[in-house]
Amino acid sequence: MHSNDKRPIKDERDRQIDTAARSHALDFVVAATQVLTVLCAVKGNPAWKGSLSLLFLGGAAMLFYKYDQYEERPYRQVGVALGLIGLALLIWFGITG
């Protein structure tokens, strides 16, 4: 396929590439958030609570998606637990700064 060819409709390969790109981007954001959380904690910056809450909420979202796909209760149960931890950290960060 030449670079001048137009592709008006996305095919399955395009969807796979988009999915892989989003997955890699998310992996990078998770790693960066982990580093940010550690840096904030080491420097005594209370933002570690907010960034840690994002990690827990992201984990919960991933497990809820897996529950939707597999319909296995442990995914939902652990997702709820992670979500509650993330929410508690977010509230704590919001109250104490």
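Please refer to the structure higher up on the page.
These notes cover the structure that comes with them. (Residues numbered from 1 in each chain as written. Predicted model: local features only at pLDDT ≥ 70, side-chain atom pairs only at ≥ 80, totals over all residues. Heavy atoms only, no water.)

Considering the pattern of salt bridges
Then step 1. Scanning all chains against the criterion turns up 2 salt bridges.
Then step 2. Asp 18 is the partner of Lys 10 in a salt bridge, and the nearest nitrogen-oxygen pair spans 2.7 Å.
Then step 3. Among the ionic pairs, Glu 12 bridges to Arg 15, the shortest N-O distance being 3.5 Å. You can see Glu 12 and its partner Arg 15 sitting in helix 1 (residues 12-43), 3 residues apart, about one turn around the helix.
Then step 4. For Glu 12, a relative accessible area of 45% puts it in the partly exposed group. (Salt bridge = Lys/Arg side-chain N within 4 Å of Asp/Glu carboxyl O. Helix = DSSP H or I, 4+ residues; strand = E, 2+ residues; numbered from the N terminus. Buried < 20%, exposed > 50% of the residue type's maximum accessible area, 1.4 Å probe, protein only.)

With respect to the packing of aromatic side chains
Then step 1. Counted according to the given criterion, the structure contains 2 aromatic pairs.
Then step 2. Centroid distance Trp 48 to Trp 92: 5.6 Å. Interplanar angle 85°. Geometry classified as edge-to-face. Pair noted here: Trp 48 is in helix 2 (residues 47-70) and Trp 92 is in helix 3 (residues 73-96), with a separation of 44 residues, a long-range link.
Then step 3. The partly exposed category is assigned to Trp 48, whose relative accessible area is 24%.
Then step 4. With relative accessibility at 40%, the residue Trp 92 sits in the partly exposed group.
Then step 5. On the numbers, 5.6 Å between centres and 25° between planes, the contact of Tyr 70 with Tyr 75 is stacked.
Then step 6. Since its relative accessible area comes to 23%, Tyr 75 is described here as partly exposed.
Then step 7. A cation sits over an aromatic face here: Lys 49 above Trp 92, 4.4 Å from the ring centre. (Phe/Tyr/Trp six-rings, centres within 6.5 Å; stacked < 30°, edge-to-face > 60°. Lys NZ or Arg CZ within 6 Å of the ring centre and 35° of its normal.)

A few points about the environment of Leu 39
Then step 1. Take Leu 39: it is sitting in helix 1.
Then step 2. Along the chain, Leu 39 and Leu 87 lie 48 residues apart, while their C-alpha atoms are 21 Å from each other.

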